[in-house]
Amino acid sequence: MHERAKQDTDIKNPENWTWVESTIWTERMLAALGNGVKGGKWFSLWDKVIAERTLRVAWEQVKRNKGSAGVDGISVQRFGSRADHYLQELAESLREGRYKPEAIKRVHIPKGKGKRRPLGIPTVKDRIVQTALLKAIEPIFEKEFKDMSYGFRPQRGCKDALREVDLLLKQGYTWVLDADIQCYFDSIPQHALMNRVEEQISDGQVLQLITKFMQQPIMEGLESHMPEQGTPQGAVVSPLLANIYLHPLDEKITEAGHKMIRYADDFVILCKSESEAKAVLKKLAKWTQDNELTLHPEKTHIGNSMEPGQGFEFLGYRFEAGNRTVRKKSLLKLRDSIRAKTKRSQGKSISENIAELNPILRGWFEYYKHAHRNTFRSVDGFVRRRLRSILRRHQKRKGGTGRCLEDHTRWPNKFFAEHGLFTLHEAHAAACQSR
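What you are looking at is a predicted structure, and each value in this text was computed from that prediction instead of being measured.

Thresholds, definitions, all that
Residues numbered from 1 in each chain as written. Predicted model: local features only at pLDDT ≥ 70, side-chain atom pairs only at ≥ 80, totals over all residues. Heavy atoms only, no water. Helix = DSSP H or I, 4+ residues; strand = E, 2+ residues; numbered from the N terminus. Buried < 20%, exposed > 50% of the residue type's maximum accessible area, 1.4 Å probe, protein only. Contact = heavy atoms within 4.5 Å. Axes fitted to C-alpha atoms, helices over the stretch in contact; angles between N-to-C directions. Parallel < 35°, antiparallel > 145°, perpendicular 65-115°, else oblique. Left-handed = near helix turned anticlockwise from the far one by under 90°. Expected span 1.5 Å × (residues − 1). Bend = angle between axes of the 7 residues up to and from the residue. Pairing = 2+ DSSP bridges. 1 Å grid on protein atoms, 1.4 Å probe; cavity = no way out; pocket = protein on both sides within 12 Å on 5 of 7 lines; lining within 4 Å. Points joined across faces, edges and corners; volume = space filled by probe spheres on them. Nonpolar A, V, L, I, M, F, W, Y, C, P; charged D, E, K, R; others polar.

Visitor: Would you mind showing me how to read the overall build of the chain here?
Guide: In terms of helices and strands, the chain carries 19 helices and 11 strands. Its C-alpha atoms give the chain principal-axis dimensions of about 75 × 60 × 45 Å. Going through the 435 residues of the chain one by one, you find that 46% of them count as buried. Contacts spanning at least 24 positions in sequence make up 71% of the contacts within the chain whose residues lie at least 6 apart.

Structure representation (structure tokens):
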């Protein structure tokens, strides 16, 4: 959602709160959220977290999200085969105070340039309890969050944040502070985070459960360690906790009249002058230092985005000199995906290859369709070269990468269109025409 009224008036409009779990957030609860609760804090939430109906709703969401098994080896499919038994067992352990989260399995996923990013995988049971917890407490904090925060929030997303960036650039906010908090999720001070949670919640059992999740041991291979700070990436409640900790920054920057767009720990501050951008950087540096965080010295910079070479990257796009293009890392990632699906040794027919490529291309286009048109012809050409290379192998032709005129003549663009290949530049042209 691009434009939203202030949260206090939103509460009075039920349509803006359809995302809440109705078994927890009844009309009476929403009314209390809008009018305020006694003492400004919520006390009785535990019974709603551990209710079997809440756990069942949470399980259905975990099942839809799929995901890998945790350290206990119980997959979503295995849990589903005995869901009633496991959920009853989970509810009893929570009621009786016996519930204890298991270790988080740490894996590393590719990040680009040979780098790898750590990701935590809680057990299915822990994901269910975290989801139940999230459904109980998220509306309390959602009411307080600022409109300029878009990451991991209901009814908001990347496209909304990018739309706001486009609008501000057109309004003349072209000097951009592109900021990066170093290892944000791993460096959030847990004691300070809990202080912020306690500003809204006074239910001791709920607070204890949140603390347990933040202090889950991390299992990597056969070794485990207890984290002293941060929230594990991959945990269901981590995005909310991350937003809670940065909320005071959102307040400080926006109340000073600056234009910040934030998606989790990825944010930009758009200004009308270099002097304003430098002043904001000083405020940001002081706030992060006071809150035990660190700005990345190499990834935090100021530039006039209308000048060549001074653009900035945000949510997969690059904004520079009035153009919006796909950032290089995103293009390289797409090309790697295409290569993986078009290996000549797979022995698949051209129709099978196209059937596997099309969902990737359509999904990629849906997100990047606002990029400069030249991007799409380039990707289309790469896809067809990969397919021509496969066809050369089918005909047992030596070498070749599908670039030569002979291959273009033998298998023209029309050939692939007839086989149903999704074409990015044609989709872009149709989208522009409809707009």
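Picking up after the structure, the text goes on.
Visitor: For this particular structure, what's the right way to read the environment of Leu387?
Guide: Tracing the backbone through its elements, the reader meets Leu387 in helix 16 (residues 374-394). When its relative accessible area of 0% is taken as the criterion, Leu387 is described as buried. Linking Leu387 and Ile350, residues 37 residues apart in sequence, is a C-alpha distance of 7.2 Å.

Visitor: Help me out: how do you make sense of the packing of helix 4 (residues 52-65) against helix 6 (residues 83-95) in this one?
Guide: A pair of packed helices is captured by two measures, namely the crossing angle of their axes and the spacing between those axes. At a minimum axis distance of 10 Å, the contact between helix 4 and helix 6 shows a crossing angle of 130°. Our classification of the angle between helix 4 and helix 6 gives oblique. Seen along the crossing, helix 4 lies across helix 6 with a hand that is right-handed. Contacts from Glu52, Leu55, Arg56 and Trp59 in helix 4 reach Ala83, Asp84, Leu87, Ala91, Leu94 and Arg95 in helix 6.

Visitor: Mind showing me how you'd approach helix 15 (residues 350-368) here?
Guide: Every α-helix carries 3.6 residues per turn, so stepping three or four residues along brings you back to the same face. A rise of 1.5 Å per residue sets the reference length of helix 15, with its 19 residues, at 27 Å; its end C-alpha atoms lie 26 Å apart and thus fit the reference within 8%. Leu357 marks where helix 15 bends most, by close to 30°; the proline Pro359 follows one to four residues later. Every buried residue of helix 15 is accounted for by Ile350, Asn353, Ile354, Leu357, Asn358, Leu361, Trp364, Phe365 and Tyr368. Packing partners of the buried residues in helix 15 comprise strand 10 (317-320), strand 11 (323-326), helix 14 (328-341), helix 16, helix 18 (413-418) and helix 19 (424-434).

Visitor: It is not clear to me how the packing of helix 14 against helix 15 should be interpreted in this structure. Could you clarify?
Guide: At a closest axis distance of 10 Å, the pairing of helix 14 and helix 15 adopts a crossing angle of 165°. With respect to helix 15, the axis of helix 14 lies roughly antiparallel. In this structure, helix 14 crosses over helix 15, and the sense of that crossing is right-handed. Between helix 14 and helix 15, the contacting residues are Ser330, Leu331, Leu334, Ile338 and Lys341 on the first element and Asn353, Glu356, Leu357, Ile360, Leu361, Trp364 and Tyr368 on the second.

Visitor: Even after reading the chapter, I still don't get the sheet that holds strand 7 (residues 266-271), so can you show me in this structure?
Guide: Working definition: the strands of a sheet are paired by backbone hydrogen bonds and lie parallel or antiparallel to each other. Within the open sheet, the 4 strands sit side by side as 6-7-3-8. Their pairing is antiparallel. The open sheet has two free edges, formed respectively by strand 6 (259-263) and strand 8 (301-304), since each of these has just one partner strand. With direction set aside, neighbouring strand axes in the sheet form an average angle of 20°. Sheet analysis places strand 3 (residues 175-180) next to strand 7, joined by 6 bridges and oriented antiparallel.

Visitor: Just to check I follow, could you spell out empty space enclosed by the protein for this structure?
Guide: According to the stated counting rule, one finds 1 cavity of 30 Å³ or more in the structure shown. Put simply, the largest cavity is a space of about 40 Å³. Considering the residues around the largest cavity, the lining is formed by Arg106, Pro118, Leu119, Gly120, Asp186, Ile218, Pro232 and Gln233. Of the residues forming the lining of the largest cavity, the biggest block, 3 residues, is contributed by strand 2 (residues 115-121). In terms of residue class, the lining of the largest cavity is made up of 4 nonpolar, 2 polar and 2 charged.

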